[in-house]
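Below, each chain spelled out in residue letters.
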Amino acid sequence: MDAPASPPVPTATPRRRVRKRDLVLPVALSLAAVGVVLWATYEPGAFAKVRGTFNPWYLLGAVGAVALQITAGGLRLRYVSRGLIGSAAGIRAQLTWDFMSAVTPSAMGGAPFAAFFIAKENGLAYGQVTAVMLFTMIMDQIWFTLLIVTLYVSAIWLPVFPTTLGAAGIGTVAVYLAAMLCYFAFFAYATLFRPELLEWLAGKVVRLKWLRRFEEPVRRETRKLRNQAKILRAQSLGFYLIGAVYTLLYWAGRYGVVLLVALSFWRDFRHVLFVMRTAGLWLAGLAMPTPGGSGGIEALYVLYLSPLLPAGYGGPALLVWRALAYYGVLAMGLYVAGGAVRALLAGETPPPDPTSLPDEPEPTP
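Not measured: the values here are computed from a predicted model.

1. Section: the environment of Ala331
- Here Ala331 is to be found in helix 13 (residues 314-336).
- For Ala331, a relative accessible area of 47% translates into the label partly exposed.
- For the pair Ala331 and Phe99, spaced 232 residues apart in sequence, the C-alpha separation works out to 8.4 Å.

In structure tokens, the structure reads:
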């Protein structure tokens, strides 16, 4: 989905092209899913009621929430890079990251191509950029770890798991979140405190008979990750706390745009529960196999959030949310990263970066 929460960012040069169909497919899937939702949830007279309750000021707030998300993400990249990436460049880099995450298959991920853009635009070594992106991904994973615990605790008082899922569906979601919690917690802990655990685990996996051909590249990447982890461990507690504030603002923008779009159509619903379910929706969206979760995110909206709104309101709210937070971000990302995207469409890749595996950790990520 358009939110970065994938496995550790690879430090190797991306070797696969972005194809034109990678740009068209996710948008087509999303538009088709929105169309199905509008058709399936249509209620006679609903559009007239929606027009009567619509408040444009909340919609303007939703636009501000999108701006908060992009700005906070860009400033986080600037802060983590210690100013090597400027504020404006950081915002462009965040837009590019969101764009590439939304249009590349989940197995590939958008991080390597976003790193390509950042390195190319700012004249930085590819290894430096991946160290910066690794830190931001660690902060996101710590956020998700805390969020999952919060959802479990909140479920004591609030129906954060939609009853429309049924007992089996709720059980499946609970198990999925538990597995995600274990993964996020393990990766964050291993990266920051015990990177040798990642090397050990990766070594065990690639020793499997049908994976042995990947052994050397995997071991090379885990060695690079270990060096980057040394850089991260050298940072002060204050550095992490400020990074956590930027992360909080980034996700507040992502959740806020969903809430404010809903409020622009209808105000009388359970706001806290809506936000908690929005958080659960994003977590569930991480499992979507389509680029950016397109198609699946729209279905999750119907399950998680539409039941909290009056009949006939879910479809229009979904359409406006995706128009602002998905199609709009895609358009802005394509505009700011047009040159890099054209280079990737042409199969261009950054040159090998011999500085990405330093003998000693540099003083800052």
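What follows picks up the thread again.
2. Some remarks on helix 7 (residues 166-192)
- When the terminal C-alpha atoms of helix 7 are compared, their 39 Å separation across 27 residues agrees well with the 39 Å that a helix rising 1.5 Å per residue should span.
- Residues Gly169, Val173, Leu177, Met180, Phe184, Phe187, Ala188, Ala190, Thr191 and Leu192 constitute the buried set of helix 7.

3. Some points on the confidence of the model for the chain
- Confidence in the prediction of the chain, expressed as mean pLDDT, is 79, and 79% of residues score 70 or more.
- Overall, residues 1-16 carries pLDDT values under 50, and its contacts beyond four positions in sequence, including any with other chains, amount to 66 contacts.
- For the stretch residues 350-365, pLDDT sits under 50, and the model shows 33 contacts to residues farther than four places along the chain or on other chains.

4. Comments concerning unusual backbone geometry
- A positive phi angle, close to 60°, is found at Arg82, a residue other than glycine.
- One can find Arg82 in the loop between helix 3 (56-80) and helix 4 (87-103).
- Taking relative accessible area as the criterion, Arg82 reaches 43% and is therefore assigned partly exposed.

5. Observations concerning the pattern of salt bridges
- Taken as a whole, this structure holds three salt bridges when the rule is applied.
- Between Arg76 and Asp140 there is a salt bridge whose closest N-O contact spans 3.1 Å. In this pair, Arg76 sits in helix 3 while Asp140 sits in helix 6 (residues 126-154), placing the two residues 64 residues apart along the sequence. The pair Arg76 / Asp140 is uniform in exposure class, with both members buried.
- Note that Glu298 and Arg322 form a salt bridge whose closest N and O atoms lie 2.9 Å from each other. Of the two residues, Glu298 is situated in helix 12 (residues 296-304) and Arg322 in helix 13; the sequence distance between them amounts to 24 residues. In terms of burial, Glu298 and Arg322 fall into one category: buried.

6. Observations regarding the side chain of Gln69
- Examined against the element boundaries, Gln69 turns out to sit in helix 3.
- Look past the residues within four positions of Gln69 in its chain and what remains in contact with it is Asp98, Tyr250, Gly253 and Arg254.

7. Here's the deal with the packing of aromatic side chains
- This model, assessed by the stated rule, comprises 20 aromatic pairs.
- When the centroid spacing of 5.6 Å and the interplanar angle of 35° are considered together, the rings of Tyr189 and Phe193 count as tilted.
- Within the aromatic cluster, the residues linked to one another by ring pairs are Trp143, Phe144, Tyr183, Phe184, Phe187, Tyr250, Trp251 and Tyr255.
- Over the aromatic face of Trp321 sits the side chain of Arg322, whose NZ or CZ is 5.1 Å from the ring centroid.

8. Side note on helix 6
- The end-to-end C-alpha distance of helix 6, which contains 29 residues, comes to 42 Å, matching closely the 42 Å that a straight helix rising 1.5 Å per residue would cover.
- Counting buried positions along helix 6 yields 22 of 29 residues, so the element is predominantly enclosed.

9. Things to note about a nonpolar patch on the surface
- A surface patch of nonpolar side chains, amounting to about 450 Å² of accessible area, comprises Val149, Val153, Ile156 and Trp157.
- Residue position: Val149 is located in helix 6.
- Among the residues examined, Val149 registers a relative accessible area of 41% and is labelled partly exposed.

10. A closer look at the nonpolar core
- The biggest cluster of nonpolar side chains holds 60 residues, and the ones touching the most others in it are Val257, Phe274, Leu281, Tyr301, Leu309 and Trp321.
- Among the elements that line this core, the one with the most residues is helix 10 (residues 237-265), at ten residues.
- In contact with Leu281, not counting residues within four places along its chain, are Ile297, Leu300, Tyr301, Tyr304, Leu305 and Trp321.
- In terms of nonpolar packing, the next biggest core, distinct from the first, is built from 33 residues, Ile118, Leu124, Ile138 and Ala337 among them.

11. Comments concerning the packing of helix 4 against helix 13
- At a closest axis distance of 8 Å, the pairing of helix 4 and helix 13 adopts a crossing angle of 120°. Here helix 4 and helix 13 pass one another in a crossing that is left-handed. Contacts between helix 4 and helix 13 pair Arg92, Leu95, Thr96, Asp98, Phe99, Ala102 and Val103 from the former with Tyr326, Val329, Leu330, Met332, Gly333, Leu334 and Val336 from the latter.
- Of the residues that constitute the contact of helix 4 with helix 13, the class distribution is ten nonpolar, two polar and two charged.

What counts and what doesn't
- Residues numbered from 1 in each chain as written.
- Predicted model: local features only at pLDDT ≥ 70, side-chain atom pairs only at ≥ 80, totals over all residues.
- Heavy atoms only, no water.
- Helix = DSSP H or I, 4+ residues; strand = E, 2+ residues; numbered from the N terminus.
- Buried < 20%, exposed > 50% of the residue type's maximum accessible area, 1.4 Å probe, protein only.
- Expected span 1.5 Å × (residues − 1).
- pLDDT = per-residue confidence, 0-100.
- Contact = heavy atoms within 4.5 Å.
- Salt bridge = Lys/Arg side-chain N within 4 Å of Asp/Glu carboxyl O.
- Phe/Tyr/Trp six-rings, centres within 6.5 Å; stacked < 30°, edge-to-face > 60°.
- Lys NZ or Arg CZ within 6 Å of the ring centre and 35° of its normal.
- Patch = residues over 30% accessible without salt bridge, like charges linked within 9 Å, V, L, I, M, F, W, Y side chains within 5 Å.
- Areas by Shrake-Rupley, 256 points an atom, 1.4 Å probe, with all protein chains shown as cover.
- Core = buried A, V, L, I, M, F, W, Y, C linked by side-chain atoms within 4.5 Å.
- Axes fitted to C-alpha atoms, helices over the stretch in contact; angles between N-to-C directions.
- Left-handed = near helix turned anticlockwise from the far one by under 90°.
- Nonpolar A, V, L, I, M, F, W, Y, C, P; charged D, E, K, R; others polar.

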